[in-house]
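Examination of the molecular architecture
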Amino acid sequence: MIGDFRLRGILPAFPLPARPRMSSLLISELLAGYRARLFSPVEIIEQLLSARATRSDRREWIALLPAASVRERAREVSARAPDSLALYGIPFAVKDNIDLESVATTAGCPEYAYTPAVSAPVVERLIAAGAIPIGKTSLDQFATGLAGARSPLGACRNSFDARYISGGSSSGSAVAVATGQVSFALATDTAGSVRVPAAFNNLTGLKPTCGSLSTRGVVPACRSLDCVGVLTLTAADAARVAAVARAFDPQDPYSRAAAPRVGCELTREFRFGVPDATQLQFFGDTEYQRLFASALGRLESLGGTRVRIDLEPFLSAGRLVYGPWLAERYCAVGTFVDERPDAVLPLTRAIISAGRLIPATEAFMGQHRRAELKRATDEVWQSVDVLITPTAGTIYTIAAVDEEPLALNANLALYTSFTNLLDLASVAVPAGFRSDGLPFGISLTGPAWSDDSLLALAGRFQPLATRTLGALALETPP
């Protein structure tokens, strides 16, 4: 049920009054119901709006659109034929560093706010396809962090256990989807900000090929690395949204025209790379370690062949994000931080301001080192079709992150921070639960433009993973 209940292990559910009832916010199920005239977008939106007053606030929203405007949009969509729009009547959320027309963009910093006259192109494409925006979601301030705990609103709480982090920086986007308030959410991912919250909230998180979705109208973190990504309940939903959102934008200098599909189909036999056991870190979390081993076995049952690979060149690339690339983070919002230091959280201010001290020589040496590591890692794709890692090695309580914010954030970034530097695509997919009910996820990573192949494999893996959990049951989260 929206806000307080979820279908354990797979997706949120909610009841609809009168006529046949919808059981979930899965995009495929909503579209099927619309086409069968079982319900309309107006009815779905009314259910979502009525749940606002009773939902458990986990600090996932920065701004909810007025009910009147959401209803008006639902009526406009309902006047169209269900088959005429790819995302007909699908409710979605927008991370609050992405522009939505006439709604303030704050990037998690109220003093930074501006009100855009037009939506970001990626948002415009979704709305044109029939999707209905519900609101703007919370984030680590200026998208700086992977815990979801660096916000003037306070930490965004995990959808399964409020004592734990939700993952960042796209924390609110993940929680809004996981608690059944929207079918999907837009997010951004520079070093893991889609994938980590996906893993911690039992979602699929698509970190697409850099430049495949326009980043115009997005407050940059590291502009050359930023990606707009998607958080959904399933890989099939992510593929459907990405197909609409993906487009070349000639006004975005980092936009790229789609290349031919890369890699094998990953539908039958495939080779998956796995780091050597000495290179895997679970930070003492034996349950995440067990769940990862189980996930590898399931991949083998799908036709995969395990191949050991050296992860060190990937990890070395990831470490550059918190070195030379801090200078690019300063380029994004450093002037504002310098002029309005009291408006920025102390830790966020310290991280961004550090970029001002990085000399140009260090930045160029970082570029040279990245090129070397890119060449080294390119060789891996000659022997494997996909790289498999945990999305994160463990999950932390909010209290623990408050005590050691930098060290624990670095742990969370271990398996995600290298992807954009090395021009890779990645999909985070649910892979089971710890005994305390907290979810675990793995990431499927491949070369640029392998997005569709990765999503296809994620779609095959996800039902197999959830079936191992036993019978599904509605339950109230802690």
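Residues numbered from 1 in each chain as written. Predicted model: local features only at pLDDT ≥ 70, side-chain atom pairs only at ≥ 80, totals over all residues. Heavy atoms only, no water.

1. Section: the overall build of the chain
Per the secondary structure count, the chain includes 15 helices and 13 strands. The C-alpha radius of gyration computed for the chain amounts to 21 Å, which stays within 12% of the reference 23 Å derived for 478 residues, consistent with globular compactness. With respect to the three principal axes, the spread of C-alpha positions in the chain is 65 × 55 × 45 Å. Going through the 478 residues of the chain one by one, you find that 61% of them count as buried. For the chain, the accessible area works out to roughly 17300 Å², and carbon and sulfur atoms hold 55% of it. Across the chain, the mean location of the 46 positive side-chain charges is 4 Å away from that of the 46 negative side-chain charges. (Helix = DSSP H or I, 4+ residues; strand = E, 2+ residues; numbered from the N terminus. Rg over C-alpha atoms; globule rule 2.2 N^0.38 Å. Buried < 20%, exposed > 50% of the residue type's maximum accessible area, 1.4 Å probe, protein only. Areas by Shrake-Rupley, 256 points an atom, 1.4 Å probe, with all protein chains shown as cover. Lys, Arg positive; Asp, Glu negative; His and termini not counted. Charge placed at Lys NZ, Arg CZ, Asp CG, Glu CD.)

2. A closer look at the packing of aromatic side chains
If you walk through the whole model with that rule in mind, you get 13 aromatic pairs. Pairing phenylalanine 314 with tryptophan 381 gives two aromatic rings, centres 6.5 Å apart and planes at 85°, and the pair type is edge-to-face. Linking phenylalanine 314 in helix α9 (residues 312-319) with tryptophan 381 in the loop between α12 (360-378) and β10 (386-390), this pair joins segments that are 67 residues apart in sequence. Residue classification places phenylalanine 314 among the buried positions, given a relative accessible area of 0%. Following the ring pairs from residue to residue traces out a cluster consisting of Tyr112, Tyr114, Phe142 and Phe336. (Phe/Tyr/Trp six-rings, centres within 6.5 Å; stacked < 30°, edge-to-face > 60°.)

3. A closer look at the pairing of strand β4 (residues 132-137)
Counting buried positions along β4 yields six of six residues, so the element is predominantly enclosed. When strand β2 (residues 61-64) meets β4, the two strands line up antiparallel, connected through three bridges. Note on β4: the bridge partner recorded for tryptophan 61 is threonine 137. Taken together, the five bridges between strand β3 (residues 91-95) and β4 define a ladder with parallel strand orientation. Across the sheet, phenylalanine 92 pairs through a bridge with proline 133, a residue of β4. Note on the crossover from β3 through helix α4 (residues 121-128) to β4: the handedness is right-handed. (Pairing = 2+ DSSP bridges. Right-handed = clockwise from strand over helix to strand, strands pointing away.)

4. A look at the state of the cysteines
By the definition in use, this model includes zero disulfides. Sulfur of cysteine 210: no disulfide; nearest cysteine sulfur belongs to cysteine 227 and is 3.6 Å away. For cysteine 227, a relative accessible area of 3% gives the class buried. (Disulfide = S-S within 2.5 Å.)

5. Some remarks on the side chain of threonine 391
Here threonine 391 lies in the loop between β10 and α13 (398-403). Among the polar contacts made by the side chain of threonine 391, one reaches the main-chain carbonyl oxygen of isoleucine 442 at a distance of 3.1 Å. Here the side chain of threonine 391 touches serine 443 through a polar contact of 2.8 Å, side chain to side chain. Excluding residues that lie within four positions of it along the chain, threonine 391 makes contacts with Arg195, Val196, Ala199, Leu412, Tyr415, Thr416, Ala428, Gly441, Ile442 and Ser443. (Polar contact = N/O pair within 3.5 Å; in protein donor to acceptor, adjacent residues only side chain to side chain. Contact = heavy atoms within 4.5 Å.)

These figures capture arrangement, not role.
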